[in-house]
Amino acid sequence: MKSAGRSYFEGAAATSVSTLVSAASGFVSLYFLTRILTKEELGGYAFAFSAISLLAFVAAWGFERNLMLRIARLAPDPKDLRGRGLVLRAVGVSTLIALVLIVGLYLAAPSVVALGAIPEAELWLVLLVVALVPMAASAQMQAWFRANSRIVAASLTNGAVNLSRALLLAGVFLAGGGVGSVAAAVVLSTLAPVLIIGFLGRHARDRPPSHLRLRDAWTGAVMVVQKISNYGLRLVDVILVGFLASGAATAEYAVAARLALFCGMGSEAMQPTFAPRGRRYFATGDLASAAREYHMARAAGFLVSLGVAILLVLLGPRLLEFFGDFDAAFGPLLVLSAGYIVTAGAGFHFSYLQMQGEIWGTTVLRISGLVVMVALAFLLIPTLAALGGALALSGAIVYLNASSLYYMYRRTGFPGLTLASAALTMLAAILLTAGGLGYVAPVPLAAALTAVGLAAFVIDDDAKAVFRLIIQGLRFAG
């Protein structure tokens, strides 16, 4: 394998570039959406897109995990890709599942509104549902490239989706298009990963592994539950706000959630590299290297996310003004950022367990996390609207990360956090939540978060690994 410094530098750089492109493109897309659509229509769009993204997990059927486990355990070949036949079969099955879901959602759209969803959701569900096919296929193809250590290409495709969406929405705005044109632009943008990876992998040979196994279908079903209850937390929240609040509140929450995504930059930049490297370490019994890279990646992710949170605290009000009448989204923005800080600070415990082949315990944990969020949502959203949704999600994230870290320690004996790193993570999250509730003004809040970041380099041994990563990355760049 490549050295840790070089691998993480490449993976983090590619993911960071993709994230920055996605962020900038997301701003542009959101700007044009707020100019083309009414606030209520934007709420309906956010509801429908979240629901379809959730169904895309079902269509993908968890084959991404199987691709990672079966391909990443083998030494990567810099001149060729393993598992071409396997990914093609996974894409085929996912496409069939997606087609079934498309018909089902098309027929069920009126009933969704009858059950209490905002009225604008029905039309958007019908218009966007065809995106399920490329979204499911993209998940398999990106996993194929990541499992073959093609982290850079796989990571950049996410940015390509958002960039193409921004360009297409700009065209819709300039042409004076409406809801139908917006839906067409969004659907077309989801094709980007399929086209890019299909082109880059066109010369791959049929090297093993090549065939899906019967147990892949069963473990895939379990993974669907895991993904919905984990990644789905940040999709179900919008859906719950759409059921329990107004269309305007749903739009405010969606804007806050879009900006809060910046805080995920830290952990998202490291995780795609850690997963396949961790799998190979576990396959060879090198647990010490897996633990060392876990701590290094966790600390780097936390510090990056903390830095982004400080910028959102200071610039958030002005960013929200850019989109129009969204001042009420500032509180939810800070509370959602607190959830991202907790996720980054807790580290890659789910990836650590999954790359060891663990599946059942993490599934139970994720289901319980979803239950906690739904319970908090019904308690908080009717009274606090978008802010209630943010509090419900962040509360569920704290529960999920804490319980998963405990489970990982009990099962493997590996402590994912030191006392210092845990204390700093929770302090930052508490400060952001207090700011979101209006108890701390932005400038003092930013100062306090800066102090947390500085303290990390003094009392947290894990943070010192960040310096080694930076030095190795700079040497590679030089």
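Quick caveat, the model's predicted, so the values are computed rather than measured.

K.L.:
Requested: an account of the overall build of the chain, with residues and values cited.
P.N.:
Each helix and strand counted, the chain has 20 helices and zero strands in total. Among the 478 residues that make up the chain, the fraction classed as buried is 59%. Contacts in the chain between residues far apart in sequence, at least 24 positions, make up 86% of those at least 6 positions apart. Approximately 18,800 Å² of the chain is accessible, and the part contributed by carbon and sulfur atoms is 70%.

K.L.:
For the packing of helix α12 (residues 247-260) against helix α15 (residues 330-346), give the residues involved together with the corresponding values.
P.N.:
The interhelical angle for the contact between α12 and α15, taken along N-to-C directions, is 40 degrees, at an axis separation of 9 Å. On the basis of their axis angle, the class for α12 and α15 is oblique. As for the relative orientation of α12 and α15, their crossing is right-handed in sense. Listed contacts from α15 to Tyr253, Ala256, Ala257, Leu259 and Ala260 of α12 are Pro332, Leu333, Leu336, Ser337 and Tyr340. Residues that form the contact of α12 with α15 fall into these classes: nine nonpolar, one polar and no charged.

K.L.:
Tell me about the environment of Gly85, and name the residues and values.
P.N.:
Assignment of secondary structure puts Gly85 in helix α4 (residues 84-114). Here Gly85 falls in the buried class, since its relative accessible area comes to 4%. Considering only alpha carbons, one finds Gly85 and Asp206, 121 residues apart in sequence, at a separation of 5.7 Å. When residues no more than four places from it in sequence are discounted, the contact partners of Gly85 are Asp206 and Ser210.

K.L.:
Just give me the short version of the packing of helix α7 (residues 151-175) against helix α9 (residues 192-200), but keep the residues and values in it.
P.N.:
As a packed pair, α7 and α9 sit with axes 8 Å apart at the nearest point and diverge in direction by 140 degrees. The orientation of α7 with respect to α9, classified from their angle, is oblique. Viewed along their axes, α7 and α9 form a crossing whose handedness is right-handed. Contacts between α7 and α9 pair Ala153, Thr157, Ala160, Val161 and Ser164 from the former with Ala192, Pro193, Ile196, Ile197 and Leu200 from the latter. Grouping the amino acids of the contact of α7 with α9 by side-chain chemistry returns eight nonpolar, two polar and no charged.

K.L.:
Any details on the environment of Val126? Residues and values, ideally.
P.N.:
Within the secondary structure, Val126 sits in helix α5 (residues 121-128). The exposure class assigned to Val126 is partly exposed, which follows from its relative accessible area of 28%. Each C-alpha atom of the pair Val126 and Ala108 lies 9.4 Å from the other, and the pair is 18 residues apart in sequence.

K.L.:
Quick rundown of the nonpolar core? Include the residues and the values.
P.N.:
Residues Trp124, Leu128, Val182, Tyr253, Leu432 and Leu449 are the most contacted members of the largest nonpolar core, which totals 113 residues. The leading source of residues in this core is helix α17 (residues 360-412), at 13 residues. In this view, Val182 contacts Leu33, Ile36, Leu37, Trp124, Leu169 and Val172; residues no more than four positions away in its chain are not counted. Core analysis: the second largest hydrophobic core is formed by 19 residues, Val87, Met141, Ala143 and Met355 among them.

K.L.:
Can you break down the confidence of the model for the chain residue by residue, with the values?
P.N.:
With 88% of its residues at a pLDDT of at least 70, the chain reaches an overall mean of 86. Mean pLDDT values for the elements of the chain range from 64 in helix α20 (residues 461-477) up to 97 in helix α8 (residues 179-189).

K.L.:
Can you lay out the packing of aromatic side chains for me, pointing to particular residues and giving the numbers?
P.N.:
Given two aromatic rings, one states the distance between the centres and the angle between the planes to describe the pair. All told, the structure shown has ten aromatic pairs when counted by the stated rule. With 5.6 Å between their ring centres and 5 degrees between their planes, Phe27 and Phe323 make a pair best called stacked. Here the residue Phe27 occupies a position in helix α1 (residues 4-36), and Phe323 occupies one in helix α14 (residues 287-323), the gap between them amounting to 296 residues. Here Tyr31 and Phe32 contribute two aromatic rings whose centre-to-centre distance is 5.4 Å and whose plane-to-plane angle is 75 degrees, an arrangement assigned as edge-to-face. Take Tyr31: its relative accessible area is 25%, and that puts it in the partly exposed class. Joined through ring pairs, the aromatic side chains of Phe27, Tyr31, Phe32, Phe173, Phe262, Phe322 and Phe323 make up one cluster. Here Lys39 stacks its cationic end above the ring of Phe326, 4.9 Å away from the centre of that ring.

K.L.:
Report on α15, specifying residues and quantitative values.
P.N.:
With 17 residues, α15 extends 25 Å from end C-alpha to end C-alpha; this agrees with the ideal 24 Å at 1.5 Å per step. Looking one or two places after α15, you find Gly347, whose phi comes out positive at around 90 degrees.

K.L.:
For the side chain of Ser53, give the residues involved together with the corresponding values.
P.N.:
With respect to the helices and strands, the residue Ser53 is situated in helix α2 (residues 39-60). Residue Ser53 is classed as buried on the basis of its relative accessible area of 10%. At 2.8 Å, the side chain of Ser53 and the backbone oxygen of Phe49 are in polar contact. Ignoring anything within four residues of it in the chain, the contact list for Ser53 reads Met135 and Leu235.

K.L.:
I'd love a proper account of the pattern of salt bridges, names of residues and values included.
P.N.:
Applying the stated criterion across every chain, the model contains one salt bridge. Here Lys39 makes a salt bridge to Glu252, at a shortest N to O gap of 3.0 Å. Separated by 213 residues along the polypeptide, Lys39 in helix α2 and Glu252 in helix α12 bring together distant segments of the chain. Among the residues examined, Lys39 registers a relative accessible area of 22% and is labelled partly exposed.

K.L.:
So what's going on with a nonpolar patch on the surface? Which residues, and what values?
P.N.:
A contiguous nonpolar patch, built from Leu168, Leu188, Leu191 and Leu195 and spanning about 350 Å² of accessible area, is present on the exposed surface. Among the structural elements, Leu188 can be located in helix α8.

K.L.:
Could you give an account of unusual backbone geometry, naming the residues involved and the relevant values?
P.N.:
Positive phi values are uncommon outside glycine, yet Trp61 reaches one of about 60 degrees. Topologically, Trp61 is positioned in the loop between α2 and α3 (63-71). A relative accessible area of 25% places Trp61 in the partly exposed class. Phi at Ala385 is positive, roughly 55 degrees, even though this residue is not glycine. Residue position: Ala385 is located in helix α17. Judged by its relative accessible area of 26%, Ala385 is partly exposed.

Conventions and cut-offs
- Residues numbered from 1 in each chain as written.
- Predicted model: local features only at pLDDT ≥ 70, side-chain atom pairs only at ≥ 80, totals over all residues.
- Heavy atoms only, no water.
- Helix = DSSP H or I, 4+ residues; strand = E, 2+ residues; numbered from the N terminus.
- Buried < 20%, exposed > 50% of the residue type's maximum accessible area, 1.4 Å probe, protein only.
- Contact = heavy atoms within 4.5 Å.
- Areas by Shrake-Rupley, 256 points an atom, 1.4 Å probe, with all protein chains shown as cover.
- Axes fitted to C-alpha atoms, helices over the stretch in contact; angles between N-to-C directions.
- Parallel < 35°, antiparallel > 145°, perpendicular 65-115°, else oblique.
- Left-handed = near helix turned anticlockwise from the far one by under 90°.
- Nonpolar A, V, L, I, M, F, W, Y, C, P; charged D, E, K, R; others polar.
- Core = buried A, V, L, I, M, F, W, Y, C linked by side-chain atoms within 4.5 Å.
- pLDDT = per-residue confidence, 0-100.
- Phe/Tyr/Trp six-rings, centres within 6.5 Å; stacked < 30°, edge-to-face > 60°.
- Lys NZ or Arg CZ within 6 Å of the ring centre and 35° of its normal.
- Expected span 1.5 Å × (residues − 1).
- Polar contact = N/O pair within 3.5 Å; in protein donor to acceptor, adjacent residues only side chain to side chain.
- Salt bridge = Lys/Arg side-chain N within 4 Å of Asp/Glu carboxyl O.
- Patch = residues over 30% accessible without salt bridge, like charges linked within 9 Å, V, L, I, M, F, W, Y side chains within 5 Å.

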